[in-house]
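Below, each chain spelled out in residue letters.
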Amino acid sequence: MAESDPISQPPPRVPQHVAIIMDGNGRWAEQRGISRNEGHKQGLESLRAAVRGANDLGIQWLTLYAFSLENWSRPKSEVESLMGLLEHYLETEIDEVMEKGIELRCIGRTDRLPPRIRDGVAAAVERTRGNREMHLIFALSYGGRAEIVDAARKLLRDAELGNVDPERLDEKMFAAYLYDPEVPDPDLLIRTGAESRVSNFLLWQIAYSEIYTTEIMWPDFREADLERAVQEYQSRERRFGLTSAQVSGRRGAKA
Ligand code: FPP
């Protein structure tokens, strides 16, 4: 996280970190009388478009909720189809990702992924490590509560070893135990698919994120829709728990 006080800064024109709950593949497919897997296939096109769009807009961090821990309970054929799409994406897109200078990262309980997929993800993460143009984070086998539990487990182990003094624990220290502490909190959380819930996504990190929901089903989501979400974000005032007058006063004092 940046050391400077976020409130005293004018809101950046472009959000630094956008996180997306890509919802609606299944309903999009059902509306067309085709299989849910076809919906996910089209969803992959939207994923590609979101990466392109974010890169074009100058968004530095993009986190995509690609597969939740709860998704493991879907029918086996659907899980296999989603894994196949992920593998396909990694195989077909990695060269372009490299060319664009995008770094791939992954958060979640990835030990649950089938070994082939896990290895493919690890190889892509390794190959793109250090790219700085943009960071693309896949939340895979991910759950927000699980992330907090996993962080607590690591913290308790460190405390047992005497490396952490429980009395000195604060939010910053705790956040260092999350899956990827280098990632700044999302400025903007987008959810497609006409639902308004956070579905166990980045529960710790979205404390002050602006939330944008849209009726658009994920397979129809394109660059222009991302741009619209960013425009809406730019019109918001982020107060971080303060009053409007306080926020503008602090900005004025810094100017
Ligand atoms: C939600 O649609 C979407 C997902 C379960 C995952 C997102 C998947 C993709 C974008 C396809 C590419 C896949 C990977 C893993 C890279 P839903 O099935 O929950 O839609 P519904 O709410 O309409 O049923």
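Predicted model, so just to flag it, every value in this text is computed and none were measured.

A. Main features of the overall build of the chain. In terms of helices and strands, the chain carries 8 helices and 6 strands. Reading the helices (α) and strands (β) of the chain from amino to carboxyl end gives β-α-α-β-α-β-α-β-α-α-β-β-α-α. In terms of overall size, the chain behaves like a compact globule, its C-alpha atoms giving a radius of gyration of 19 Å where 255 residues would be expected to give roughly 18 Å. A principal-axis box enclosing the C-alpha atoms of the chain has dimensions of 55 × 50 × 35 Å. Put simply, the chain has 255 residues, and 46% of those count as buried. For the chain, the share of sequence-separated contacts (at least 6 apart) that also reach a separation of at least 24 residues comes to 79%. Accessible area for the chain stands at about 13,200 Å²; split by element, carbon and sulfur atoms hold 49% of it. Placing the 34 positive and 42 negative side-chain charges of the chain at their respective mean positions leaves the two points 2 Å apart.

B. View of the sheet that holds strand E6 (residues 210-213). Read from one edge of the open sheet, 6 strands run E3-E4-E2-E1-E5-E6, paired in parallel fashion. Looking along the sheet, the strands with just one partner apiece sit at the ends: strand E3 (102-107) and E6. Each strand of the sheet is rotated relative to its neighbour by a mean of 20 degrees, with strand direction disregarded. Sheet analysis places strand E2 (residues 61-68) next to strand E4 (residues 134-142), joined by 7 bridges and oriented parallel. For Leu62, the partnering residue across the bridge sits in E4 and is Leu136.

C. Examining unusual backbone geometry more closely. For Ala194, which is not glycine, the phi dihedral falls at a positive 60 degrees. In this structure, Ala194 sits in the loop between strand E5 (188-191) and E6. Phi angles above zero are rare outside glycine, and Phe240 is one such case at about 45 degrees. Overall, the relative accessible area of 26% leaves Phe240 in the partly exposed class.

D. Layout of the pairing of E3. Of all 6 residues in E3, 5 are buried; the element is thus mostly enclosed. Note that E3 and E4 share 6 bridges and pair parallel. Residue pairing across strands places Leu104 opposite Leu136, the latter belonging to E4. Note on the crossover from E3 through helix H4 (residues 115-128) to E4: the handedness is left-handed.

E. Here's a closer look at helix H3 (residues 76-99). Taking 1.5 Å as the rise per residue, H3 with 24 residues should run 34 Å; its terminal C-alpha atoms sit 35 Å apart, in good agreement. Following H3 by one or two positions, Gly101 adopts a phi angle in the positive range, close to 70 degrees.

F. The arrangement of the packing of helix H2 (residues 36-57) against H3 in detail. Orientation of H2 relative to H3, taken along the N-to-C sense of each, is 30 degrees, at an axis distance of 10 Å. As summarised for this structure, H2 and H3 are arranged roughly parallel, according to the angle between their axes. Like other packed secondary-structure pairs, H2 and H3 cross with a definite hand, here right-handed. Contacts between H2 and H3 involve Arg36, Asn37, His40, Lys41, Leu44, Leu47, Arg48 and Val51 from the former and Ser77, Glu78, Ser81, Leu82, Leu85, His88, Tyr89, Thr92 and Glu93 from the latter. Here the residues of the contact of H2 with H3 sort into 6 nonpolar, 6 polar and 5 charged.

G. Layout of the site of the ligand. Contacts to the ligand come from 17 residues, most closely from Met22, Asp23, Arg27, Arg36 and Arg74. Between Gly26 and the ligand, the recorded distance is 3.1 Å, taken from a backbone N or O atom to an oxygen atom. One of the side-chain N or O atoms of Arg36 is found 2.8 Å from an oxygen atom in the ligand. Broken down by secondary-structure element, the contributors of at least two residues to the shell around the ligand are helix H1 (25-31), H2 and H3. Here the shell around the ligand gets 5 residues from one element, more than from any other, and that element is H2.

How each quantity is defined
- Residues numbered from 1 in each chain as written.
- Predicted model: local features only at pLDDT ≥ 70, side-chain atom pairs only at ≥ 80, totals over all residues.
- Heavy atoms only, no water.
- Helix = DSSP H or I, 4+ residues; strand = E, 2+ residues; numbered from the N terminus.
- Rg over C-alpha atoms; globule rule 2.2 N^0.38 Å.
- Buried < 20%, exposed > 50% of the residue type's maximum accessible area, 1.4 Å probe, protein only.
- Contact = heavy atoms within 4.5 Å.
- Areas by Shrake-Rupley, 256 points an atom, 1.4 Å probe, with all protein chains shown as cover.
- Lys, Arg positive; Asp, Glu negative; His and termini not counted.
- Charge placed at Lys NZ, Arg CZ, Asp CG, Glu CD.
- Pairing = 2+ DSSP bridges.
- Axes fitted to C-alpha atoms, helices over the stretch in contact; angles between N-to-C directions.
- Right-handed = clockwise from strand over helix to strand, strands pointing away.
- Expected span 1.5 Å × (residues − 1).
- Parallel < 35°, antiparallel > 145°, perpendicular 65-115°, else oblique.
- Left-handed = near helix turned anticlockwise from the far one by under 90°.
- Nonpolar A, V, L, I, M, F, W, Y, C, P; charged D, E, K, R; others polar.
- Near = heavy atom within 4 Å.
- Polar contact = N/O pair within 3.5 Å; in protein donor to acceptor, adjacent residues only side chain to side chain.

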